[in-house]
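So you can see what is in the structure, the chains are spelled out below.
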Amino acid sequence: MTEKISADLFLDITSQVCPLTFVKTKLMVERMDAGQTLEVRLNAGEPLENVPRSLIELGHSILSVHPERMEEPGGVHRLIVQKN
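Each residue is numbered by its place in its chain's sequence as written, counting from 1. Only residues with pLDDT of at least 70 get local features here, since the model is predicted, and only at 80 or more are side-chain atom pairs given and counted; chain-wide, interface and lining totals rely on the full set of residues. Hydrogens and water molecules were not included; the side-chain quantities draw on all heavy atoms of the structure.

Caption draft 1: How the structure looks around the pattern of salt bridges. Every case where a carboxyl oxygen of Asp or Glu lies within 4 Å of a side-chain nitrogen of Lys or Arg is listed as a salt bridge. Applying the stated criterion to the full structure yields 8 salt bridges. Put simply, Arg41 and Asp12 hold a salt bridge, and the shortest N to O gap is 3.0 Å. Here Asp12 lies in strand β1 (residues 9-12) and Arg41 lies in strand β2 (residues 37-43), a separation of 29 residues in the sequence. The partner of Arg78 in a salt bridge is Glu39, with the nearest N and O atoms 2.8 Å apart. You can see Arg78 sitting in strand β4 (residues 76-82) and its partner Glu39 sitting in strand β2, a full 39 residues away along the chain. Classification of Glu39 as buried rests on a relative accessible area of 11%. Connected through salt bridges with shared partners, the residues Asp12, Glu39, Arg41, Glu68 and Arg78 form a single ionic network. The way it works is that DSSP assigns letters per residue, a run of H or I at least four long becomes a helix, a run of E at least two long becomes a strand, and they are numbered from the N terminus. Relative accessibility under 20% of the residue-type maximum defines a buried residue, over 50% an exposed one, and the middle range a partly exposed one, all with a 1.4 Å probe and only protein chains included.

Caption draft 2: Quick look at the packing of helix α1 (residues 20-30) against helix α2 (residues 46-57). Axes, fitted as lines to C-alpha atoms, cover a helix only where it is in contact. Angles between the N-to-C directions of the axes lie from 0 to 180 degrees. With their axes 9 Å apart at the nearest point, α1 and α2 run at an angle of 35 degrees to one another. Pair α1 / α2 crosses with right-handed handedness. Contacts between α1 and α2 involve Thr21, Phe22, Thr25 and Val29 on the former and, on the latter, Pro47, Val51, Ser54 and Leu55. Its residues assigned to classes, the contact of α1 with α2 shows 5 nonpolar, 3 polar and no charged. Each crossing gets its hand from how the near helix is turned against the far one by less than a right angle, where anticlockwise is left-handed and clockwise is right-handed. We call two residues contacting when some pair of their heavy atoms lies within 4.5 Å. Under the convention adopted here, Pro, Cys and the residues Ala, Val, Leu, Ile, Met, Phe, Trp and Tyr are nonpolar, Asp, Glu, Lys and Arg are charged, and Gly plus all remaining residues are polar.

Caption draft 3: Seen up close, the environment of Cys18. By secondary structure assignment, the location of Cys18 is in the loop between β1 and α1. Overall, Cys18 belongs to the partly exposed group, its relative accessible area being 25%. Residues Cys18 and Leu63 lie 45 residues apart in sequence; the distance between their C-alpha atoms is 22 Å. Not counting residues within four places of it along the chain, the set of residues in contact with Cys18 comprises Glu46, Pro47 and Asn50.

Caption draft 4: View of α1. Taken as a whole, α1 has its buried residues at Thr21, Phe22, Thr25, Met28 and Val29. One side of α1 holds all its buried residues, which, seen down the axis, span an arc of 130 degrees. By construction, the arc corresponds to the directions joining the helix axis to the C-beta atoms.

Caption draft 5: Focus on the environment of Leu79. On the secondary structure map, Leu79 appears in strand β4. Residue class for Leu79 comes out buried when judged on its relative accessible area of 0%.

Caption draft 6: Region of the structure containing the sheet that holds β1. Any two strands are treated as partners once DSSP identifies two or more bridges connecting them. If you walk across this open sheet you meet the 4 strands as β1-β2-β4-β3, and the pairing is mixed. On the outer flanks of this sheet lie β1 and β3 (61-67), each paired with one strand and no other. Strand-to-strand twist in this sheet, taken as the mean axis angle between neighbours without regard to direction, amounts to 20 degrees. One ladder, built from 7 bridges, connects β2 with β4; its direction is antiparallel.

From the geometry alone we can't say anything about function, so treat these as descriptive.
Put into structure tokens, the structure is as follows:
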């Protein structure tokens, strides 16, 4: 069993499409203090590929990424990012 990470903030971008998925995430991270964490609810596919990669490129840390429902790996995922 994996340990549940508790995030400071939450953002649901499942209704957004690229590039808005990253834009909305980036704007939220910019408002955070260094060390704070954000849980992002996002869809598999392009958002799941692009959002974590782009956050890493900006120097932030991805603490975890996992499907919301293990039986649906192509569905909604939860990403935890820490602002550095």
